[in-house]
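Residues per chain are reported as follows:
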Amino acid sequence: MTIETSPDPETPEVPETEAVSTLIGTGGEWWRSAVIYQIYPRSFSDSDGDGIGDLPGITTRLDSLAELGIDAIWLSPFMTSPQHDAGYDVADYCDVDPIFGTLADFDLMLEKAHALGIRVIVDLVPNHTSWDHAWFKEALAAAPGSPERDRYMFRDGKGPNGDEMPNNWESVFGGPMWERVTNPDGTPGQWYLHIFDKSQPDLNWENPWVRERFHDILRFWLDRGVDGFRVDVAHGMIKEAGLPDYTPPADAGSMGGGTADALVGLEPGIDADASADPPTPPYWAQDGVHDIFRGWHSVLEEYEGERVLCAEAWVEPLTKLARWVRPDEMQQAFNFTYLSAGWDAAELRTVIDGSIAAFATVGAPSTWVLSNHDVVRHASRLALEAENLQGAGIGPNSPGLPDPVVGLRRARAATSIMLALPGSAYVYQGEELGLPEVIDLPDSARQDPTWFRTDHEKYGRDGCRVPIPWEAGSPTYGFGPAGSTASWLPQPGDWDELARASQEGVADSTLELYKRALALRSLHGLGTGTLEWIPGYGPEVIAFRNNGVTVIANLGQTPVELPAEGPGEVLLTSEPLNEPALPADTAIWLL
Ligand code: BGC
């Protein structure tokens, strides 16, 4: 086998028929194999120079996403919101927040995306509203026991004066899950539940009125032409009756997930109604949520085309998560077990097998994801030397900070593995540039409620949300318009080389690696293929075949010899190779 010194920077030509079939999804619904690019609107592209990205900014950059080769975009919330949790606190589900633009801007963006063959998924946040939502204001103005209060989780306090919280639950962002309200006459009143910030009161999903309103909201966006919804906290909407006290185990991530080791626990073919589930917290993954999603499934079916619901559900093990994607519920669920896996070949193999098997029991594709707006970017996470639970984030004083060179190398190899797997993959904006987590944000710039609610003990998620760089040499790296210096989180001073324009057409850049991998994935139908492990490699190697493409990744430190016989054409390497051996933290695709 001969090794080219570096991959050809040109992305391979994809025959037109192939491109069209990816677009219309022949051979299965489009979402079974789609690569879905997450846009975090406030950090993607700012058209008006206020330092916050917006919908017109997205519209102007859609061509660059089409060039990247993704199939769909998912937009984190851009609806009306006081922004106490960066838009995951919605005050009006059917309007656009002025900082992001208008509904007309949304329609234009959608139209252009569709014209480019890019589908559009919007984020829906049903577990809670903002405390600015009219429903919550009405609930506060109404008396205890009123229908308005029954839309939320109001309870009387314990103790003679009701001044003790109804139970001991701790908010995901730190501190208690309860906030007490003040009655119109100034006396202390009832308490309301908030899994997240106190500005995000939980809705009462046992109330049919709430269910009906969300059917209206789904139809509002479906009528505008969206292709689907990413469903926020899809494991949190129903709480155990009686709201019993609960203390989570120390190794549980803030969203309820643990480590990948704890999450797998399954055998191929195991029934999705596994009985040996770990104990379920009374506010996560209650059986009652499934009925809600069956209702949503029916609403989506009222519309033509293949619309999709994707669950953000931090549920373990995968056999249990598979219940979210039964044929009459959602189409996809984020595979956080995969995201949580360490840089370890054995662990990854187990998670990949477990994922494919668990989702197959319900006829759903597996999804794959390495980064999003809630976790440490994988170009840093994969080189962390200390445990870091989801949501904790990293900052200058965190233990075991990553070596950025090792991190990027592993990230490129990890992506090369992920994009070769059958199923659907999610890519988070900026990972195609190899962006690291921004660790040294000044404390005064941090905005994640986690940072405040834990009294600065946890840094939170700002480090993965810094506005992304488009061009070298301009004050916001082209995130804002010419002349603008505003950026809602400060960008590091050394991002010139990571800017998209600096990487365009540069052999071996991370951007070109993504483009090449995405084009090859489409050309060889990897998203719809079948994975077959290749035996004979050491424990630190991942080796599999998918639709005729051989993928080998060395997660260890000792170089791995490449096959002398068999596949010979190098399709892609995550690092330039100079000899016929695979160095540490490197992946290769062969034909
Ligand atoms: C979102 C977070 C958000 C939380 C509350 C999620 O899991 O992804 O960004 O803070 O829900 O809505």
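Just so it is clear, the structure is predicted and the values come from calculations on it, not from any experiment.

**Thoughts on the overall build of the chain**
Logical step 1: Helix and strand counts for the chain stand at 15 helices and 20 strands.
Logical step 2: Scaling as 2.2 N^0.38, a compact globule of 591 residues should have a C-alpha radius of gyration of about 25 Å, and the chain matches this with 24 Å.
Logical step 3: With the C-alpha coordinates aligned to their principal axes, the bounding extent of the chain is approximately 80 × 60 × 50 Å.
Logical step 4: With 591 residues in all, the chain has 60% of them scored as buried.
Logical step 5: When contacts within the chain are restricted to residue pairs at least 6 apart in sequence, those whose partners lie at least 24 apart make up 71%.
Logical step 6: Surface accessibility of the chain: about 21500 Å² in total, with carbon and sulfur atoms responsible for 51%.

**What to know about the domain arrangement of the chain**
Logical step 1: On domain assignment, one finds that the chain holds domain 1 (20–127 + 208–519), domain 2 (134–193) and domain 3 (531–590).
Logical step 2: Placing a centre on the C-alpha atoms of domain 2 and another on those of domain 3 gives a separation of 57 Å.

**Observations regarding the nonpolar core**
Logical step 1: Core analysis: the biggest nonpolar cluster contains 159 residues, and Ile-73, Phe-229, Trp-296 and Trp-589 have the highest contact counts within it.
Logical step 2: With 11 residues, the next largest nonpolar core counts Val-541, Val-560, Leu-562 and Val-570 among its residues.

**Some remarks on the site of the ligand**
Logical step 1: Taken together, 15 residues form the shell around the ligand, and within it Asp-85, Asp-232, Glu-312, His-373 and Asp-374 come nearest.
Logical step 2: Glu-312 places a side-chain nitrogen or oxygen 2.5 Å from an oxygen atom of the ligand.
Logical step 3: Within the side chain of His-373, an N or O atom sits 2.8 Å from an oxygen atom of the ligand.
Logical step 4: The residue makeup of the shell around the ligand, split by class, is 5 nonpolar, 3 polar and 7 charged.

**Here we look at the pairing of strand S20 (residues 586–590)**
Logical step 1: A large share of S20 lies buried, amounting to 5 of its 5 residues.
Logical step 2: Across the two faces of S20 the burial is the same, with Thr-586, Ile-588 and Leu-590 and Ala-587 and Trp-589 all buried.
Logical step 3: Direction of pairing for strand S16 (residues 549–554) relative to S20: antiparallel, over a ladder of 5 bridges. Residue Val-551 lies in a different strand from S20, and its bridge partner there is Trp-589.
Logical step 4: As judged from the 3 bridges shared by strand S18 (residues 570–573) and S20, these two strands associate in the antiparallel manner. Within S20, the position partnered with Leu-572 by the bridge is Trp-589.

**Description of helix H7 (residues 289–301)**
Logical step 1: With 13 residues, H7 ought to run about 18 Å at 1.5 Å a step, and its terminal C-alpha atoms sit 19 Å apart, in line with that.
Logical step 2: Within H7, burial applies to Val-289, His-290, Ile-292, Phe-293, Gly-295, Trp-296, His-297, Val-299 and Leu-300.
Logical step 3: Packing partners of the buried residues in H7 comprise strand S5 (119–124), helix H5 (208–224), strand S9 (228–231) and strand S10 (308–311).

**Observations concerning the pattern of salt bridges**
Logical step 1: Counted according to the given criterion, the structure contains 29 salt bridges.
Logical step 2: Between Arg-224 and Asp-107 there is a salt bridge, with its nearest N and O atoms 2.8 Å apart. Here Arg-224 is found in helix H5, whereas its partner Asp-107 is found in helix H3 (residues 103–115), with 117 residues between them in sequence.
Logical step 3: In this structure Arg-224 comes out as partly exposed when scored by relative accessible area, which is 27%.
Logical step 4: As a salt-bridge pair, Glu-504 and Lys-515 come within 2.6 Å of each other at their nearest N and O atoms. With Glu-504 in the loop between helix H14 (500–503) and helix H15 (510–523) and Lys-515 in helix H15, this pair connects stretches of sequence that are 11 residues apart.
Logical step 5: A relative accessible area of 32% places Glu-504 in the partly exposed class.
Logical step 6: In this structure, a network of salt bridges that share partners links the residues Glu-67, Arg-500, Glu-504, Glu-512 and Lys-515.

**Things to note about helix H12 (residues 404–418)**
Logical step 1: For H12, built from 15 residues, the straight-helix expectation of 21 Å at 1.5 Å per residue is met to within 8% by its first-to-last C-alpha distance of 20 Å.
Logical step 2: Among the residues of H12, Gly-407, Arg-410, Ala-411, Arg-412, Ala-413, Ala-414, Thr-415, Ser-416, Ile-417 and Met-418 are the ones counted as buried.
Logical step 3: Near the N-terminus of H12, the side chain that reaches the backbone nitrogen of Val-405, with its oxygen 2.8 Å away, is that of Asp-403.

**A closer look at the packing of H5 against H7**
For any two helices packed against each other, the geometry is given by the interaxial angle and the distance between the axes.
Logical step 1: Interaxial distance between H5 and H7 falls to 10 Å at its minimum, and their mutual angle equals 35°. Here H5 runs over H7; the crossing is right-handed. Note on element contacts: H7 touches H5 through Asp-291, Ile-292, Gly-295, Trp-296, Val-299 and Leu-300, opposite Arg-211, Phe-214, His-215, Leu-218, Arg-219 and Leu-222.
Logical step 2: Residue composition of the contact of H5 with H7, grouped by class: 7 nonpolar, 2 polar and 3 charged.

**Concerning the sheet that holds strand S13 (residues 424–428)**
Logical step 1: Across the sheet, which stays open at both edges, the 8 strands sit in the order S11-S10-S9-S5-S2-S1-S13-S12 with parallel pairing between neighbours. For this open sheet the edge positions go to strand S11 (332–333) and strand S12 (367–369), each flanked by a neighbour on one side alone.
Logical step 2: Judged from the 4 bridges that link them, strand S2 (residues 72–75) and S5 form a sheet pairing that is parallel. Across the sheet, the residue bridging to Leu-75 is Val-122, located in S5.

**Focus on a negative patch on the surface**
Logical step 1: Where like charges cluster on the molecular surface, the negative patch consists of Asp-440, Asp-494, Asp-496 and Glu-497.
Logical step 2: Position of Asp-494 among the secondary structure elements: in the loop between helix H13 (449–453) and H14.
Logical step 3: On the accessibility criterion, Asp-494 (59% relative accessible area) is exposed.

**Remarks on the pairing of S16**
Logical step 1: Within S16, 6 of the 6 residues are buried, which leaves the element mostly enclosed by the surrounding structure.
Logical step 2: Side chains of S16 alternate between two faces, with Val-549, Val-551 and Ala-553 and Thr-550, Ile-552 and Asn-554 buried alike.
Logical step 3: Counting the residues that bridge the hairpin from strand S15 (residues 541–546) to S16 gives 2 residues, and of these Asn-547 lies at a positive phi of roughly 45°.

**With respect to the sheet that holds strand S6 (residues 154–155)**
Logical step 1: Reading across from one edge, S6-S8-S7 is the order of the 3 strands in this open sheet, with antiparallel pairing throughout. Pairing within the sheet leaves two strands with one partner each, and these edge strands are S6 and strand S7 (178–182).
Logical step 2: Where S6 meets strand S8 (residues 188–193), 2 bridges bridge the pair, whose relative direction is antiparallel. Its bridge partner lying in S8, Phe-154 is registered against Tyr-192.

**Overview of the packing of aromatic side chains**
Logical step 1: This structure, assessed with the given rule, holds 31 aromatic pairs.
Logical step 2: Directly above the ring of Trp-488 sits Arg-42, whose terminal nitrogen or CZ lies 4.4 Å from the centroid.
Logical step 3: Directly above the aromatic system of Trp-470 lies the positively charged group of Arg-61, at a separation of 4.0 Å from the ring centroid.

Criteria and cut-off values
Residues numbered from 1 in each chain as written. Predicted model: local features only at pLDDT ≥ 70, side-chain atom pairs only at ≥ 80, totals over all residues. Heavy atoms only, no water. Helix = DSSP H or I, 4+ residues; strand = E, 2+ residues; numbered from the N terminus. Rg over C-alpha atoms; globule rule 2.2 N^0.38 Å. Buried < 20%, exposed > 50% of the residue type's maximum accessible area, 1.4 Å probe, protein only. Contact = heavy atoms within 4.5 Å. Areas by Shrake-Rupley, 256 points an atom, 1.4 Å probe, with all protein chains shown as cover. Domains from an automatic or database assignment. Core = buried A, V, L, I, M, F, W, Y, C linked by side-chain atoms within 4.5 Å. Near = heavy atom within 4 Å. Polar contact = N/O pair within 3.5 Å; in protein donor to acceptor, adjacent residues only side chain to side chain. Nonpolar A, V, L, I, M, F, W, Y, C, P; charged D, E, K, R; others polar. Pairing = 2+ DSSP bridges. Expected span 1.5 Å × (residues − 1). Salt bridge = Lys/Arg side-chain N within 4 Å of Asp/Glu carboxyl O. Axes fitted to C-alpha atoms, helices over the stretch in contact; angles between N-to-C directions. Left-handed = near helix turned anticlockwise from the far one by under 90°. Patch = residues over 30% accessible without salt bridge, like charges linked within 9 Å, V, L, I, M, F, W, Y side chains within 5 Å. Lys, Arg positive; Asp, Glu negative; His and termini not counted. Charge placed at Lys NZ, Arg CZ, Asp CG, Glu CD. Phe/Tyr/Trp six-rings, centres within 6.5 Å; stacked < 30°, edge-to-face > 60°. Lys NZ or Arg CZ within 6 Å of the ring centre and 35° of its normal.

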